[in-house]
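In case you want the letters, here they are:
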Amino acid sequence: MAKYDETVVSEHDGIQELDNQLPRWWVILFKSSIVFAVLYMLWFHVLGLGDGQEQKYATLKAQAEAAQAARQSDLIASMDLSSPSSLAEVVNEGSNIYQANCASCHHSTARGLIGPNLTDAYWIHGADFEDNMQVISKGVLSKGMQAWESSLSLRQRHAVASYLYSIRGSNPPDPRAPEGELIEGSDSPSYDL
Ligand code: HEC
């Protein structure tokens, strides 16, 4: 309990101000808020030990991005590899694999060079996705098409085949003469889907 002191400090218009002590709970609250403010300033602004809003945001953002990447790779891991994917990540990866491994024979636009045009409706070994996967995996060794199953993983072969599917019918300039059998409609990225 606060002690009451009847000493009059001042008086205005008959209203007296007494010299009472402030209630203990109030003083404790007041002093501890000063202590809190000092500690807060030291912690966040002087020593920099706590995360400010910006760091907190960056941390949460990085966590969310990592979670999203994990979901994406789960999606890719659980992907059906027997049909082409149109996921941008897969197609882009396929494009990189293509430029690094295949462009030397099929040309960077896939219009054909040593190997056949891969964008037209003519196919030597069939137009279906599985046919492409089969040739890419096993190769046609007698004709100079390598078997890629030892150097590219199944997922990578699926990615490059998905990329080739996406550029079917792209009509690159100066194409190599058609080879194989005409398969109607197979120069479309939605063929047989
Ligand atoms: C050393 C040259 C060479 C490289 C490198 C090469 N290919 Fe080929 N590819 C060929 C030849 C030649 C053929 C034609 C085979 C035949 O006549 O039976 C072919 C055929 C194909 C076919 C079948 C085309 C059809 O008409 O049925 C596909 C699909 C294919 N290649 C994809 C790829 C992919 C994907 C890569 C890269 C991972 C690749 N090739 C790398 C030379 C190559």
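All of the points below concern the structure found in this document. (Residues numbered from 1 in each chain as written. Predicted model: local features only at pLDDT ≥ 70, side-chain atom pairs only at ≥ 80, totals over all residues. Heavy atoms only, no water.)

### Some points on the coordination of the iron atom of the ligand
Those protein atoms acting as donors to the iron atom of the ligand are His-106 (NE2) and Met-145 (SD), and they sit at 2.0 to 2.2 Å. Note that the iron atom of the ligand binds 6 donor atoms; their angles at the metal cover 85 to 179°, and the shape is octahedral. Remark: Met-145 occurs in the loop between α5 (129-138) and α6 (154-166) and His-106 occurs in helix α4 (residues 103-106); sequence separation between them is 39 residues. Given the relative accessible area of 10%, His-106 is considered buried. (Donors = N, O, S within 2.8 Å, 3.2 Å for Na, K, Ca; no water. Tetrahedral: all angles 85-135°; square planar, octahedral: opposite > 155°, others 65-115°. Helix = DSSP H or I, 4+ residues; strand = E, 2+ residues; numbered from the N terminus. Buried < 20%, exposed > 50% of the residue type's maximum accessible area, 1.4 Å probe, protein only.)

### Regarding α6
Its 13 residues give α6 an end-to-end C-alpha distance of 18 Å, which sits within 8% of 18 Å, the value for a rise of 1.5 Å per residue. When we look at burial in α6, the residues that qualify are Arg-157, His-158, Ala-159, Val-160, Ala-161, Ser-162, Tyr-163, Leu-164 and Tyr-165. Elements that come into contact with the buried residues of α6 comprise α3 (88-101) and α5. (Expected span 1.5 Å × (residues − 1). Contact = heavy atoms within 4.5 Å.)

### Digging into the pattern of salt bridges
In the structure shown here, the tally under the stated rule is 4 salt bridges. For Arg-155, the salt bridge goes to Glu-93, with nearest N and O atoms at 3.4 Å. Of this pair, Arg-155 sits in helix α6 while Glu-93 sits in helix α3, and the two are 62 residues apart along the sequence. Since its relative accessible area comes to 35%, Arg-155 is described here as partly exposed. The class for Glu-93 is partly exposed, based on a relative accessible area of 24%. A salt bridge links Arg-111 to Asp-174; its shortest N-O distance comes to 3.9 Å. Remark: Asp-174 occurs in the loop between α6 and β4 (181-182) and Arg-111 occurs in the loop between α4 and β3 (122-123); sequence separation between them is 63 residues. According to the relative accessible area criterion, Asp-174 is exposed, its value standing at 58%. (Salt bridge = Lys/Arg side-chain N within 4 Å of Asp/Glu carboxyl O.)

### Focus: the nonpolar core
With 26 residues, the main nonpolar core has Tyr-98, Leu-118, Ile-136, Val-160, Tyr-163 and Leu-164 as its most contacted residues. When contributions to this core are tallied by element, the ones reaching two or more residues are α3, α5 and α6. Broken down by element, this core gets its largest block of residues, 6 residues, from α6. (Core = buried A, V, L, I, M, F, W, Y, C linked by side-chain atoms within 4.5 Å.)

### Regarding the pairing of strand β1 (residues 8-12)
Sheet analysis places β1 next to strand β2 (residues 15-18), joined by 4 bridges and oriented antiparallel. Bridge pairing in β2 places Val-8 opposite Leu-18. What sits between β1 and β2 in their antiparallel hairpin is a turn of 2 residues, with Asp-13 showing a positive phi close to 45°. (Pairing = 2+ DSSP bridges.)

Geometric values such as these leave the question of function open.
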